[in-house]
Amino acid sequence: MSIKLNQISEVIKQQIKNYSSKVIKSEEGIVLSIGDGVATVSGLEDVMNGELLMFPGEIAGMAMNLEESSIGVVIMGDASKIVQGDRVKRTKEVVRTGVGNALLGRVVNGIGQPIDGLGKIETTKTLPVERIATGVMSRKSVDQPMETGIVAIDSLIPIGKGQRELIIGDRQTGKTTIAIDAIINQKGKNVKCVYVAIGQKESTVTQIVEKLRKNGALEYTVIVTSSASESAPIQYITPYTGVTIAEEWMFSGEDVLIVYDDLSKHAQAYRTLSLLLRRPPGREAYPGDVFYLHSRLLERSARITKEYGGGSITALPIIETLAGDISAYIPTNVISITDGQIFLSERLFNANIRPAVDTGLSVSRVGSSAQIKAMKQVASTLKLELAQYYELQAFSKFGSDLDENTRSILSHGEKIVEILRQPEGKTLDQILQTLVLLAINEKLVKWIPVSKVESLKLAIIKFFMKDAAGKAIYESIKEKNEFSEDIKQTAITEIKKLIKKSISTIPDYNPLDYGRQEDYDKF
Ligand code: ATP
Ligand code: MG
């Protein structure tokens, strides 16, 4: 930038002239330049980072860059009305949002204002959206399950209350569906939900709101959204507004599930903002503090002790990858901040294995301590069996003459995959999941072909939900959340009966196709 000599001397002369005059702290600044939604304002010495500033016509801005002689302000409204020389007033307030139960069932924008046409939200309390995460001493370990109702997740990658579990995958692989199913599954479980949509199409968000409403999930959910057409600063602030709403419930002892859909778009909004503020770009043109952007957000999810309120926030951030590349910048950042990830594979999705959870690349670092005992009893070997299956599957493509052991691993694996398939919106409660998985764990499904597995699954669910004998077994498992030896045997006997019924519908059934005659006689 070139500054002319006479300009400098002019400034120095001014300084000398005003040397003795009293220091006046200015509460009003002047717009030096404006462009692309970012204004440079001079004359506001004491402004806070993140402070709200008012431009003429009640247009709000947020102070982001505090420099010696001027500040960078991002405009949160219609920037086209602001011109050079406009006066800017301080508000001495940072961005705040209303919190509390009045928000339930509502759709709000990125700064917590209603956009669903249902009128004003009568909140009695507001909180700043940027707050420091609760400290180490207030935190408690994760030991209660956060049930998603999705068998592949609850059995293999269990999530606990207070955990942060990333959902990651390419576009259109069922990421949002998993998160929404998890919200719907909280019905009657005394968990409040916050769905944060960042940079999505408005039509998509409308569909999600409708889906939640249809399933009776809207009454315990609040939707915080800033669509793709919203300005970058608003998109940037949106997830912080969401977590602030969630925190209020956590600190009053309630359990909250929050979904960030998705943080890739959030990072992009922040990149736009930072480049406009002329902050130096780094890798993939993201600014240097993009890690902090997400860590300070996700650190606000926790399970806290009784003294601090005793609630929890479980976070399901979503990240979209390109061509399954989880080693790109933003994905690796968020993977390292979260306590595990659910990786959705496009290959599985296209092979109609849905939810397309890649069990090899997915992990949950803390959730298994939160699993109910019954689930541990039936799911402990599942992951290993699936891993063996996928490994042998790759091999078996080369040769056709496989030994008996290999064949049994392969056919068992196929049946596990079949059991884990689940249509969207059809969540299952934990006990029913364990009963379905019992058929796998005890290798009872061995005697039926893969094509019969789905109907068997439905028969098991129906039996334990509707039949009197089935319901009694269901209730006694639920009592202690575990299988006692005799309950397990009774359940197995009942499942065997269902399998025999299924076999009776197969014409020319030959047990030798599935195993040895003497085993079948004992079955
Ligand atoms: P985007 O990248 O566009 O956000 P996404 O990864 O969030 O996509 P979804 O919108 O959840 O993916 O799902 C994509 C499509 O797959 C939807 O049409 C949805 O109905 C379908 N789908 C998702 N999960 C299942 C499932 N378990 N069974 C059948 N269809 C599914
Ligand atoms: Mg989506």
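Throughout what follows, the structure given in this document is the object of discussion. (Residues numbered from 1 in each chain as written. Chains lettered and ligands numbered in written order. Predicted model: local features only at pLDDT ≥ 70, side-chain atom pairs only at ≥ 80, totals over all residues. Heavy atoms only, no water.)

1. Section: the pattern of salt bridges
Opposite charge on two side chains permits pairing when their charged atoms draw close. For clarity, the threshold we go by: By definition here, a salt bridge exists when the distance from a side-chain nitrogen of Lys or Arg to a carboxyl oxygen of Asp or Glu is within 4 Å. When a residue's accessible area, from a 1.4 Å probe over protein chains only, is under 20% of the maximum for its type it is buried; when over 50% it is exposed; and in between it is partly exposed. By definition, any uninterrupted DSSP run of H or I lasting at least four residues is a helix, any uninterrupted run of E lasting at least two residues is a strand, and each is numbered from the N terminus.
Scanning the entire structure with this criterion turns up 28 salt bridges. In this structure, E122 and K120 form a salt bridge, with 4.0 Å as the shortest nitrogen-oxygen distance. Accessibility expressed as a relative area gives 65% for K120, which makes it exposed. The salt bridge partner of R213 is E210, with a shortest N-O separation of 3.3 Å. A residue pair is termed a helical-turn pair when its members lie 3 or 4 positions apart in one helix, as R213 and E210 do in helix α4 (residues 202-214) at 3 residues. Salt bridges here are not isolated pairs; linked through shared partners, they connect E27, E51, R90 and K92.

2. Quick notes on the sheet that holds strand β6 (residues 87-94)
Rules: Pairing between strands is defined by DSSP: at least two bridges between the two strands are required. An axis is simply a line fitted to the C-alpha atoms; with a helix, the fit covers only the stretch in contact. Between two such axes, the angle follows the N-to-C directions and lies from 0 to 180 degrees.
Taken in spatial order, the 6 strands line up as β1-β2-β5-β4-β3-β6 and close into a barrel, and their pairing is antiparallel. Adjacent strand axes in the sheet meet at a mean angle of 45° when their direction is disregarded. Here strand β3 (residues 51-55) pairs with β6 via 3 bridges, running antiparallel. Its bridge partner being in β6, E51 is matched across the sheet by V94.

3. Examining the site of ligand 1
This is how the line gets drawn: For this purpose, a residue is taken to be near a molecule or strand whenever a single non-hydrogen atom of the residue falls within 4 Å of it. Any pair of nitrogen or oxygen atoms within 3.5 Å is treated as a polar contact; in protein, a donor-acceptor pairing is required on top of that, and neighbouring residues in sequence qualify only through side-chain atoms on both sides. Per-residue accessibility takes into account occlusion by the displayed protein chains alone, with areas from the Shrake-Rupley method and a 1.4 Å probe. The way it works is a 1 Å grid over only the protein atoms, where trapped points that fit a 1.4 Å probe form a cavity and open points with protein on both sides within 12 Å along at least five of seven lines form a pocket, and then any residue with an atom within 4 Å of a point lines it. Each molecule is assigned to a cavity or pocket provided more than half of its atoms lie within 2 Å of the corresponding grid points. Throughout, the ten residues Ala, Val, Leu, Ile, Met, Phe, Trp, Tyr, Cys and Pro are labelled nonpolar, Asp, Glu, Lys and Arg are labelled charged, and all others, Gly among them, are labelled polar.
As a matter of local geometry, ligand 1 sits amid 14 residues, with Q172, K175, T176, T177 and E424 nearest to it. Between ligand 1 and T176 there is a distance of 2.6 Å, counted from an oxygen atom to a side-chain nitrogen or oxygen. Here E424 contributes a side-chain N or O atom positioned 2.3 Å from an oxygen atom of ligand 1. For ligand 1, whose accessible area on its own is 630 Å², the fraction buried by protein is 72%. If you map ligand 1 onto the pockets, it falls in the largest pocket. Ranked by the residues each element gives to the shell around ligand 1, the list is headed by helix α3 (residues 175-184), at 3 residues. Classifying every residue of the shell around ligand 1 gives 3 nonpolar, 6 polar and 5 charged.

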